[in-house]
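# Structural description and commentary
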Amino acid sequence: SQWGEENLQALSIQEGEDVTMNCSYKTYTTVVQWYRQKSGKGPALIILIRSNEREKRSGRLRATLDTSSQSSSLSITGTLATDTAVYFCASYTGNYKYVFGAGTRLKVIA
Amino acid sequence: EAAVTQSPRNKVAVTGGKVTLSCNQTNNHNNMYWYRQDTGHGLRLIHYSYGAGSTEKGDIPDGYKASRPSQENFSLILELATPSQTSVYFCASGDRLGGNEQYFGPGTRLTVL
């Protein structure tokens, strides 16, 4: 998928399963951010990975960044029903600007 | 805890009317942003600001103006609202270092009839 141009994707999984979401970006970036947006709320940062990091972990979250293929992934292990949300990737494009992907709507069924 | 608030939370406007969306942040952040989010799509940048008195065009500025009268406040103005501007609008703030976290407000749902 192309950053900021694709339509929202949807995934439905059972609680306890692992899930991976992917994003690819067009232009050079030094930072990729992943945000979670719960229904009726604003997005909230869950993990940030910089271009000098290939992998970043935070609890059950794992983000990867491959600058050669211009892609990033977010994995959640042992999903919970409370992980149900829309997940966005955002790339920093310089000059204090960001480009957001359309996101993945994740539904975790208890 | 970072705090970004928006008002109003919901707004119904008529075509051709003027709409002002307000944003306030207590983070003392230099940078502020206005995005719109349409169903099934990601956030798109409308205007942003580096600090009080500055406004910059984002990726989709047509039909929108912005105002940053102070460090804390950033407004988005629709002088002549159109139905195509029906959307959910998010304000965000971020510190002066590019690439760091943005803190988002709860959003304003705008319907233009």
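Rules of the game
Residues numbered from 1 in each chain as written. Chains lettered and ligands numbered in written order. Predicted model: local features only at pLDDT ≥ 70, side-chain atom pairs only at ≥ 80, totals over all residues. Heavy atoms only, no water. Helix = DSSP H or I, 4+ residues; strand = E, 2+ residues; numbered from the N terminus. Rg over C-alpha atoms; globule rule 2.2 N^0.38 Å. Buried < 20%, exposed > 50% of the residue type's maximum accessible area, 1.4 Å probe, protein only. Contact = heavy atoms within 4.5 Å. Lys, Arg positive; Asp, Glu negative; His and termini not counted. Charge placed at Lys NZ, Arg CZ, Asp CG, Glu CD. Phe/Tyr/Trp six-rings, centres within 6.5 Å; stacked < 30°, edge-to-face > 60°. Core = buried A, V, L, I, M, F, W, Y, C linked by side-chain atoms within 4.5 Å. Disulfide = S-S within 2.5 Å. Pairing = 2+ DSSP bridges. Axes fitted to C-alpha atoms, helices over the stretch in contact; angles between N-to-C directions. Buried area = accessible area lost by both parts, 1.4 Å probe. Salt bridge = Lys/Arg side-chain N within 4 Å of Asp/Glu carboxyl O. Polar contact = N/O pair within 3.5 Å; in protein donor to acceptor, adjacent residues only side chain to side chain. Nonpolar A, V, L, I, M, F, W, Y, C, P; charged D, E, K, R; others polar.

Assigned secondary structure in chain B consists of 0 helices and 11 strands. Written out in order from the N terminus, the α and β elements of chain B read β-β-β-β-β-β-β-β-β-β-β. A compact globule built from 113 residues should have a C-alpha radius of gyration of about 13 Å, and chain B, at 13 Å, falls within 12% of that. With the C-alpha coordinates of chain B rotated into their principal frame, the extents come out at 40 × 30 × 25 Å. For chain B, with 113 residues in total, the buried portion stands at 51%. Put simply, of all contacts in chain B between residues at least 6 apart along the chain, 55% involve residues at least 24 apart. One finds the centroid of the 10 positive side-chain charges in chain B at a distance of 7 Å from the centroid of its 9 negative side-chain charges.

Under the criterion given, the structure shown has 13 aromatic pairs over all chains. Ring geometry for Y92 of chain A versus Y98 of chain A: centroids 5.2 Å apart, planes at 50 degrees, classification tilted. Judged on exposure class, the residue Y92 of chain A and its partner Y98 of chain A are both buried. Each residue in the set Y35, Y92, Y96, Y98 and F100 of chain A together with Y33, Y35, Y48, Y50 and F104 of chain B is aromatic and connected to the rest through ring pairs, giving one cluster.

What follows covers the nonpolar core. Residue and element names in this part refer to chain A. Within the largest apolar cluster, 20 residues are counted, with the highest numbers of intra-cluster contacts made by W34, L74 and Y87. Elements supplying a minimum of two residues to this core: β2 (19-24), β3 (31-37), β4 (44-50), β6 (61-66), β7 (71-76), β8 (85-94) and β10 (104-109). In this view, L74 contacts V19, T20, M21, W34, I46, I47, L61, R62 and Y87; residues no more than four positions away in its chain are not counted.

Our next topic: the state of the cysteines. One pass over the structure, following the stated rule, counts 2 disulfides over all chains. The disulfide that involves C23 of chain A links it to C89 of chain A, with 1.9 Å between the sulfurs. Across the S-S bond of C23 of chain A and C89 of chain A the torsion is about -80 degrees, and the bridge reads as left-handed. One end of the pair, C23 of chain A, is in strand β2; the other, C89 of chain A, is in strand β8, and 66 residues separate them in sequence. The exposure class of C89 of chain A is buried, given its relative accessible area of 1%. Disulfide pairing places C23 of chain B opposite C91 of chain B at an S-S distance of 1.9 Å. One quick way to see it: the torsion about the S-S bond of C23 of chain B and C91 of chain B is about -80 degrees, and its sign makes the bridge left-handed.

Our focus in this paragraph is the sheet that holds β6 of chain A. Residues and elements named next belong to chain A. Pairing is antiparallel in the open sheet, where 4 strands are placed in the order β2-β7-β6-β5. Among the strands making up the open sheet, the edge pair consists of β2 and β5 (55-58). The mean angle between the axes of side-by-side strands here comes to 15 degrees, regardless of whether they run parallel or antiparallel. In the sheet, β5 pairs with β6 via 4 bridges, with the strands oriented antiparallel. Counted as the bridge partner of S58 is L61 from β6.

It is worth spelling out the interface of chain B and chain A at this point. Between chain B and chain A, the contact holds 24 residues from the first and 23 residues from the second. Across the chain B/chain A interface, buried area totals approximately 1900 Å², and carbon plus sulfur atoms make up 52% of it. A salt bridge links D59 of chain B to K97 of chain A, with the nearest nitrogen and oxygen atoms 3.4 Å apart. One can count 7 residue pairs in polar contact (both at pLDDT 80 or more) joining chain B with chain A. At 4 residues, strand β4 (residues 31-37) of chain B tops the list of elements feeding residues into the side of chain B that touches chain A. Here the side of chain B that touches chain A is built from residues that sort into 10 nonpolar, 10 polar and 4 charged.

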